Structure formats: C-alpha cells, structure tokens
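# Overview (structure and organization)
One letter stands for each residue in the lines below.
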Amino acid sequence: MVVGLVLGDPWLWVAVEWSSPGFMKFYMPDGLDGPTVVVLLMAAVVKAAFLWVILRRPAPGALDRRAKMLRRLLYLAVAYTLVLWFPLGLVPDEVGAAFLLGLWTAIDVLYLLVIRWRSRGLRVVAGVLFGVELAGMVGELLDELDVLEFDLGGVLELGLSLGGVAVTLITVVGQSRDGRWSRGTLAAGWASVGVHMLVLPLNIFFGTIPSGGLVIEIVMDAVGLVGVVWMAATAREMPIENRLADPSPARQRVARVGVVAVVVVPVIALIQPEQSPRVAYTGWSGNCYDRPAFGDLKPAERDATFLCLARSTSDGVPPMFPDELSDEAILAYARTLCRAKDREERQAILMRAGSTRALSGVDSSDLVYVCPEIIGATQPELLYSTKEANEAGAAYLAEENAKCRDPWPRTKGVVQATAVYYLFPDGDPGYSVHDPDDEAPVREEEYDGSTLTRLSRSSVLVGHIEDIIDLCLTVKAFRTAPPRRAAGWDLVDEVPIVSRSGRLTVPELTEGDGVGAGAPMPNLAIAGKGHYRLRVYVRTDDAAEEHLVVVFPGASRKRLSLKP
C-alpha cells in the first residue's frame, strides 16, 4: 500500500484491489479522485486485518481422515477465491465449472459428515439445501458444455439465490450446535450471511450493484472477504474438541464493533443523498442489449426496460439522456415526451434535458414502455407480445400472398408455389433463381432492364420493369418443356442454368432484411444435379408486376428472347 501511494494510482489500485489497473482506468481515465483514494486506504486496512485472520496457522491437534480432508478442501476454496480464480479464468469455462462442482460437492458431503448437527432433522435439511446448491452448479456445467440449457424463470432463479444464502446459514447453525468453533468464527459466518442478504436484492432487482463510481465496488470487494474469513476460520479450528475460552470483554466489544461495521458500512455507503441521481441501469448493462417485446414484460419491468434503452450506447449511438440524470428524472422526461403534440415539442423537451439526440428524436417503440396507454392508442402493434407479433406477421403475409394468383392454373407443375416477393425499397435490381449450395463466385453484371442476367452458371438475376417494392411471383418445375404461351405477357426470356447440388430455388423472406418470398419456395431442380432451362414471364398492370418462373431439364446453352 505504501509503495502504491509513492508510485501512483495504478500501483495503489493493484496493491489494494489485487486486479488490473485497466479496470480503474476504464472508470476513471484521469486518475483516482480524493474520495476514492480515501476509500481505498480504508479498504486496505480492512483487507489487511482479514488477511491476518485468513493466514493464521491452523490450531494444533489430531484430525481424523474426514476432518483432515475437509480442512484441505476449505483452504483450497479460500485459495481459489483469493488467487486461483485468475489462472482458472484462462482455461475453458466448462473446466472451471467442473472444478467448482467437484470442490463444493466434496465440501458439502464432508460438512454433513464432520459437523455434529445433534439433530437428524437438521442434518436432513442441510442435505437438502446442499443438494439444491449443487443442482444449480450442475446446471451451470451443463450449460457450459452445451448439453442442456436451462431457462430459469424469475421465481426459480430467486429460489436458487436464496438457497445459496440458506446453505451458509444452515452451516453456521450446525457449527453453533457442534460447539467446536469459537464465537469469532460463528460471528464471521453470521456476517457472511448478512453480506449475502445485502448483495442479493441488488443483483436480483437491478442485475448489478447500483452505479456509484468505484467506491461501491471497492467497499463490496472488501466486505466480500468476510466469507473467506469464515471458511479459513472453519478450517483452522477443525480439531478443537471444545469451544475456545471466551475472549475478554474488551475484545468482545471490539469484535462486535467490527462485525457491525462490516454489515452496516456497506448499507450506509449505498444510501445516497436525496439530490444524487439513482442509476439502476447503465449503457454497459448486459441485459440492455436485448429489446424485449412490450407484451412479454410484466408491468414492474417496463420502466427498467426503458431506462436500459435510454442509457444504451450500443452500435456507437449516444445515449438518449445524459449520464448525470437520475432514473426518476429520465422517466419524468419520458412521460412528458409521451404527451408532446408534435416533433418540435419533443425536440424542445430533449434539448431541455441535455440530450444529444434532440434532432433525431425518440421513437414511439421506445416510449411505449413508459406510456403504453398513449402510444398504443395510435400504434397498437407496439403492445404485442412476441407470440402476438409473430401471429400478426403470419396473418399479414397470408393476406398478401392471397392477393397473388397462379397465372397458369390449369398447367400444374411437379412442384409449384405462388407468393408475394418483397424487394429492397431503394433500388433493388431484382431477385435470383440460384443453387444455394453452390459456392462458385458470382460475377458482377448489371441488369439492362430487358433480359435476364446470368451471375454464374448456377445463378440468374431476374429484374423487374416497374419501380416497385414487391411483385407477385409464381414458380413451377416441369419434367419437359411446357408450351411457350407468350400471349398476354410483356416479356418472355429463357436462359440455361446449372444445379451442382441438386437444388434450385428462390430466396425466402428473412426477418433481418425483409427481402424474399413471403411463402416457402420449392426445390425446382426436380431431376437432381444437372443442366436446366429457366424461362421467365413478366407483365405489368397499373404499376403492379407479375412474374412466372418456369424450370425444366434441358442441356441447351442458348439464350432465347421469346418476347422481347
């Protein structure tokens, strides 16, 4: 610590926090401020005292085989928490998960065997709680191995988290009934339970510790060593047959003050002045990258989702509101934006809030989480759940596809389909009939507006005549060449095409770019691998455009313009 004060902030950070100075520079690139340095020095004193307790020599005395093994495993768990977590972080995640599962399985089993529970019921309860803890670790290991991914609901996840606290609680109760552990060890155990109960609601309701600079991180890191102190003390006093003599009253008072400080100081540190902003989410929060559907959220989750979006900096876009605004202020501005009459009034509100996105504005898809009754009145689709949105999208596609008719209803193909085909709205040259499994390079050729363009032997670009964003497309595959029937069509062209994999098809609609056929397209290479002929019929009517694509086996390499 002294070396850190002399050599500068990075060394002070490393000496106290035992982590890379890069973490400090990420939050404070200009160096540590005064309050953070003071908290670091206080944390250094607390950590030094904890380390002195952790590194004390084990109490003398004979151990049986089980107690000796439990002591070694507890010291291994202490070493993992302090040091071994770093090298294990360099190996695959499944290796680390397997190590922790094996370690705590052995510790929990030995706890049941070594501790004198003095009650069969209490031992059974402890065994059940240990089993719940290990089941959660098994789930994590299976998830890392991609064997089975568990989707834990909120209630089950809360139950597993509380189960971890209950494991510590039941173990301390067992130690107390056993009688071999000192009051100091039991106090460390109870303090560990208190720290877990302090941090647990923060992780459950906020997903992280509320923002407060590095001060909160430093305090919680120091307080977190209480659990390590308890494990080390449990291992150290393993062979003692009777409880140690109680310390003097003065030492007991010092111990009580220490325990109270460990439990209460973090609570005081988390309580901020009324004028300070409360920030539950930041642009770096992991769950801010996903935009859940409004209908999938519970009412209590909607404000939090909007705060995520408001502070998000994904894709390099600046946050909707400045960081210094509290959650309450952001929500107040958002509700004011909901009541704004026009775009100009919204821009004025954003400028008053100090937003860097005043010119681009705020989307209704963001505000719906704050004022669904206002946004949903004009845009009810924004209130859908994922299931409802999928059903509405499927119904819309079915309605659009029903508008397209088969131009050759009496000439049935071996396979065929009719659907609307969606193009890019800004200058899409057309769609392709291609072998999707052929990896041959595509030639860059420009469609001239009157013919088909061969991009490669197995890919043909079909252009459109009118300036449109969608067209009606029918595809049919025949075993022999059908009649040409050029009457009634504006353009009929025929070119050769090859299928190297035994597939020829048209791209289907994808959710990402919204381009493709609105219904499943069949494989037009009905004869398998080989040479085919591709004939395309095109006609327009009142800016609407209809295409008929016909594919049949044929070895000819001629390019025909049956109706220019």
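### Remarks on the overall build of the protein chain
Helix and strand content of the protein chain: 18 helices and 10 strands. The burial tally for the protein chain puts 42% of its 564 residues in the buried class. Of all intrachain contacts in the protein chain linking residues separated by at least 6 positions in sequence, the fraction that spans at least 24 positions is 72%. When the accessible surface of the protein chain is split by element, carbon and sulfur atoms take 59% of a total near 30300 Å².

### Considering helix H2 (residues 9-17)
Within H2 the residues assigned to the buried category are Leu-12, Trp-13, Val-16 and Glu-17. Taken down its axis, H2 places every buried residue within 100° of arc, on the same side. One or two positions beyond H2, positive phi appears at Trp-18, with a value near 55°.

### Observations regarding the sheet that holds strand E4 (residues 459-463)
Reading across the sheet, the three strands line up as E2-E4-E3 and stay open at both edges, with antiparallel pairing between neighbours. Both outer strands of the open sheet, strand E2 (430-434) and strand E3 (453-456), are each paired with one neighbouring strand and no more. When strand polarity is set aside, the average angle formed by the axes of neighbouring strands in this sheet is 30°. Bridge count between E3 and E4: three bridges; the pairing is antiparallel.

### Let's talk about the side chain of Ser-364
The topology assignment puts Ser-364 in helix H16 (residues 364-367). Apart from the residues within four sequence positions on either side, Ser-364 is in contact with Arg-346, Ile-375, Gln-379 and Leu-382.

### Describing a nonpolar patch on the surface
A surface patch of nonpolar side chains, amounting to about 370 Å² of accessible area, comprises Trp-85, Phe-86 and Leu-90. Within the secondary structure, Phe-86 sits in helix H5 (residues 65-88).

### Details of the sheet that holds strand E7 (residues 516-517)
With respect to topology, seven strands assemble into an open sheet ordered E7-E1-E5-E9-E8-E6-E10, the strand pairing being mixed. Either end of the sheet is taken by a strand with one partner, and the two such strands are E7 and strand E10 (560-563). Across eight bridges, the pairing between strand E1 (residues 415-422) and strand E5 (residues 470-477) is antiparallel. Paired with Gln-416 across the bridge in E5 is Lys-476.

### Observations regarding the packing of aromatic side chains
Applying the stated rule across the entire model yields eight aromatic pairs. Ring geometry for Tyr-80 against Phe-99: centres 5.9 Å apart, planes inclined by 45°, an arrangement best described as tilted. Of this pair, Tyr-80 sits in helix H5 while Phe-99 sits in helix H6 (residues 93-114), and the two are 19 residues apart along the sequence. A residue is classified by how much of its surface remains accessible, and Tyr-80, at 22% relative accessible area, is partly exposed. Accessibility expressed as a relative area gives 26% for Phe-99, which makes it partly exposed. Site record: aromatic cluster; members linked through ring pairs are Trp-408, Trp-489 and Tyr-537. When the ring centre of Trp-408 is taken as reference, the NZ or CZ atom of Arg-485 above it lies at 5.0 Å. Geometry around Trp-489 places Arg-539 over its ring, the cationic atom sitting 4.0 Å from the centre.

### Digging into the pattern of salt bridges
One pass over the full model with this rule turns up 12 salt bridges. Across the salt bridge formed by Asp-438 and Arg-500, the nearest N and O atoms sit 2.5 Å from each other. With Asp-438 in the loop between E2 and E3 and Arg-500 in the loop between strand E6 (491-499) and E7, this residue pair connects regions lying 62 residues apart in the sequence. One salt bridge connects Glu-494 with Arg-533, and the closest N-O pair in it is separated by 3.0 Å. With a gap of 39 residues between them, Glu-494 in strand E6 and Arg-533 in strand E8 (residues 530-541) connect regions that are remote in the sequence. Residue class for Arg-533 comes out buried when judged on its relative accessible area of 3%. Three or more residues joined by partner-sharing salt bridges are found here, namely Glu-494, Arg-533 and Arg-535.

### Quick look at the nonpolar core
Leu-70, Trp-104, Ile-107 and Tyr-111 are the most contacted members of the largest nonpolar core, which totals 42 residues. Grouped together as the second largest cluster of nonpolar side chains are 31 residues, Tyr-431, Ala-517, Met-521 and Val-551 included.

### A look at H6
With 22 residues, H6 should reach 32 Å at 1.5 Å per residue; the first-to-last C-alpha distance of 31 Å fits that figure. Of all the positions in H6, only Gly-96, Ala-97, Leu-101, Leu-103, Trp-104, Ile-107, Asp-108, Leu-110, Tyr-111 and Val-114 are classed as buried.

### Re the environment of Ala-97
Along the polypeptide, Ala-97 turns up in helix H6. Taking relative accessible area as the criterion, Ala-97 reaches 14% and is therefore assigned buried. With 41 residues separating them in the primary sequence, Ala-97 and Val-138 have C-alpha atoms 8.4 Å apart. If near-sequence neighbours (up to four positions away) are discounted, Ala-97 is found in contact with Leu-141 and Glu-144.

### Some words on unusual backbone geometry
Of note in the backbone geometry, Arg-118 takes a positive phi value of approximately 60° without being a glycine. With respect to the helices and strands, Arg-118 occurs in the loop between H6 and helix H7 (120-144). On the accessibility criterion, Arg-118 (54% relative accessible area) is exposed. Phi is positive for Arg-485, which is not a glycine, with a value near 45°. You can see Arg-485 is positioned in the loop between E5 and E6.

### Side note on the packing of H5 against helix H11 (residues 225-236)
Close contact between H5 and H11 brings their axes to 8 Å; oriented N to C, the two are set at 155°. Judged by the inter-axis angle, H5 sits roughly antiparallel to H11. When you trace H5 past H11, the crossing you get is left-handed. Seen from H5, the contacting residues are Arg-71, Leu-74, Tyr-75, Ala-77, Val-78, Thr-81 and Leu-82; seen from H11, they are Leu-225, Val-228, Met-231, Ala-232, Thr-234, Ala-235 and Arg-236. Taken together, the residues that form the contact of H5 with H11 break down as 10 nonpolar, two polar and two charged.

### Points about the confidence of the model for the protein chain
Averaged over every residue, the pLDDT of the protein chain is 81; residues scoring 70 or more account for 79%. Per-element averaging of pLDDT across the protein chain places helix H1 (residues 2-7) at the bottom with 48 and E1 at the top with 96. Counting contacts from residues 1-6, a segment whose pLDDT is below 50, to residues more than four positions away or on other chains yields eight contacts. A low-confidence stretch, residues 204-212 (pLDDT under 50), is modelled with 19 contacts involving residues beyond four sequence positions or located in other chains.

Rules behind the numbers
The residue count restarts for each chain, going from 1 along the sequence in the order it is written. Side-chain atom pairs in this predicted model are given and counted only at pLDDT of 80 or more, local residue features only at pLDDT of at least 70, and totals for whole chains, interfaces and linings cover all residues. For the side-chain quantities, the full set of heavy atoms in the structure was used; hydrogens and water were omitted. Secondary structure elements are taken from DSSP: a helix is a run of H or I of four residues or more, a strand is a run of E of two residues or more, and numbering for both begins at the N terminus. Note on classification: 1.4 Å probe, protein chains only; a residue is buried when its accessible area is under 20% of the maximum for its type, exposed when over 50%, partly exposed between these limits. The contact criterion used throughout is that any non-hydrogen atoms of two residues lie within 4.5 Å. In this description, accessible areas are obtained by the Shrake-Rupley approach with a 1.4 Å probe, and a residue is regarded as covered only by the protein chains that are shown. Note that the arc is defined by the directions from the helix axis to the C-beta atoms. Two strands qualify as a pair provided that DSSP identifies no fewer than 2 bridges between them. Each axis is a line fitted through C-alpha atoms, taken for helices only over the stretch in contact, and angles between the N-to-C directions span 0 to 180 degrees. Residues form patches when they are more than 30% accessible in relative terms and have no salt bridge. Like charges link within 9 Å. Nonpolar side chains (Val, Leu, Ile, Met, Phe, Trp, Tyr) link within 5 Å. By convention in these notes, a salt bridge is any Lys or Arg side-chain nitrogen within 4 Å of a carboxyl oxygen on Asp or Glu. For Phe, Tyr and Trp, rings pair up if their centres lie within 6.5 Å, where Trp contributes its six-membered ring, and each pair is then called stacked (planes under 30 degrees apart), edge-to-face (over 60) or tilted (otherwise). Criterion for a charge above a ring: Lys NZ or Arg CZ within 6 Å of the ring centre, and within 35 degrees of the ring normal. Buried Ala, Val, Leu, Ile, Met, Phe, Trp, Tyr and Cys residues form a nonpolar core when they are joined through side-chain atoms within 4.5 Å. Expected span, for any helix, means 1.5 Å times one less than how many residues it has. Should an angle lie under 35 degrees it is considered roughly parallel, over 145 roughly antiparallel, and from 65 to 115 roughly perpendicular; all remaining angles are considered oblique. Handedness of a crossing is defined here by the sense of rotation of the near helix relative to the far one, left-handed for an anticlockwise turn of less than a right angle and right-handed for a clockwise turn. Just so you know the grouping, Ala, Val, Leu, Ile, Met, Phe, Trp, Tyr, Cys and Pro go in nonpolar, Asp, Glu, Lys and Arg go in charged, and all remaining residues, Gly too, go in polar. Per residue, pLDDT captures the predictor's confidence, and it can take any value from 0 to 100.

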